[in-house]
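Report on the structure
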Amino acid sequence: MTNEELIDLANELKSDETRNPTGVFEAFAKNNNISQEELEQLLSKKYDCFKCESCHSFYCYDEYSYFDEECIYCCNSEDDGEEF
């Protein structure tokens, strides 16, 4: 697995055109004999690609909340239902 392959993977996972990013992610991990957890950490640390724990889609840093481990879209949708 080369640097270019990881860059391409990160871009593909974050693309709106990718219909099944989780499937692509799992297939890449399996084909390259790397655990999904390790691949997820590698993508987040070096390639600006973060997996949302709620919707299982992938986002860049600007669209992800470390605190919630979710994308901003899932965080915002949950906040809409709360009353103060």
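This structure is a prediction, so every number in the text was calculated from the model and none was measured.

Describing unusual backbone geometry
In the Ramachandran plot, Asn 33 falls in the positive-phi region, its phi being about 50° despite a non-glycine side chain. Relative to the helices and strands, Asn 33 resides in the loop between helix 2 (21-31) and helix 3 (36-46). Phi at His 56 takes a positive value of approximately 60°, unusual for a residue other than glycine. Locating His 56 in the fold gives a position in the loop between strand 1 (50-51) and strand 2 (58-59).

Here we look at the pattern of salt bridges
Side chains that carry opposite charge are capable of pairing whenever their charged atoms lie near each other. Applying the stated criterion across every chain, the model contains one salt bridge. Taking the shortest distance from any N to any O, the salt bridge between Asp 48 and Lys 14 comes out at 4.0 Å. Highlighted residues: Asp 48 in the loop between helix 3 and strand 1 and Lys 14 in helix 1 (residues 3-14), separated in sequence by 34 residues. According to the relative accessible area criterion, Asp 48 is partly exposed, its value standing at 31%.

A few points about the packing of aromatic side chains
Under the defined criterion, the tally for this structure stands at three aromatic pairs. Geometrically, the ring pair formed by Phe 25 and Phe 58 is tilted, given 5.3 Å between the ring centres and 40° between the ring planes. In this pair, Phe 25 is assigned in helix 2 and Phe 58 in strand 2, connecting sequence segments 33 residues apart. The class of Phe 25 is buried, set by a relative accessible area of 1%.

Quick look at helix 2
Regarding helix 2, the residues found buried are Pro 21, Phe 25, Phe 28 and Ala 29. Projected down its long axis, helix 2 shows its buried positions confined to an angular sector of 100°, all on one face. For helix 2, the exposed residues set more than 90 degrees away from the buried face come down to Lys 30 and Asn 31. Buried residues belonging to helix 2 abut helix 1, helix 3 and strand 2. Where helix 2 terminates, the next one or two residues include Asn 33, which has phi positive at roughly 50°.

Conventions used here
- Residues numbered from 1 in each chain as written.
- Predicted model: local features only at pLDDT ≥ 70, side-chain atom pairs only at ≥ 80, totals over all residues.
- Heavy atoms only, no water.
- Helix = DSSP H or I, 4+ residues; strand = E, 2+ residues; numbered from the N terminus.
- Salt bridge = Lys/Arg side-chain N within 4 Å of Asp/Glu carboxyl O.
- Buried < 20%, exposed > 50% of the residue type's maximum accessible area, 1.4 Å probe, protein only.
- Phe/Tyr/Trp six-rings, centres within 6.5 Å; stacked < 30°, edge-to-face > 60°.
- Arc of directions from axis to C-beta.
- Contact = heavy atoms within 4.5 Å.

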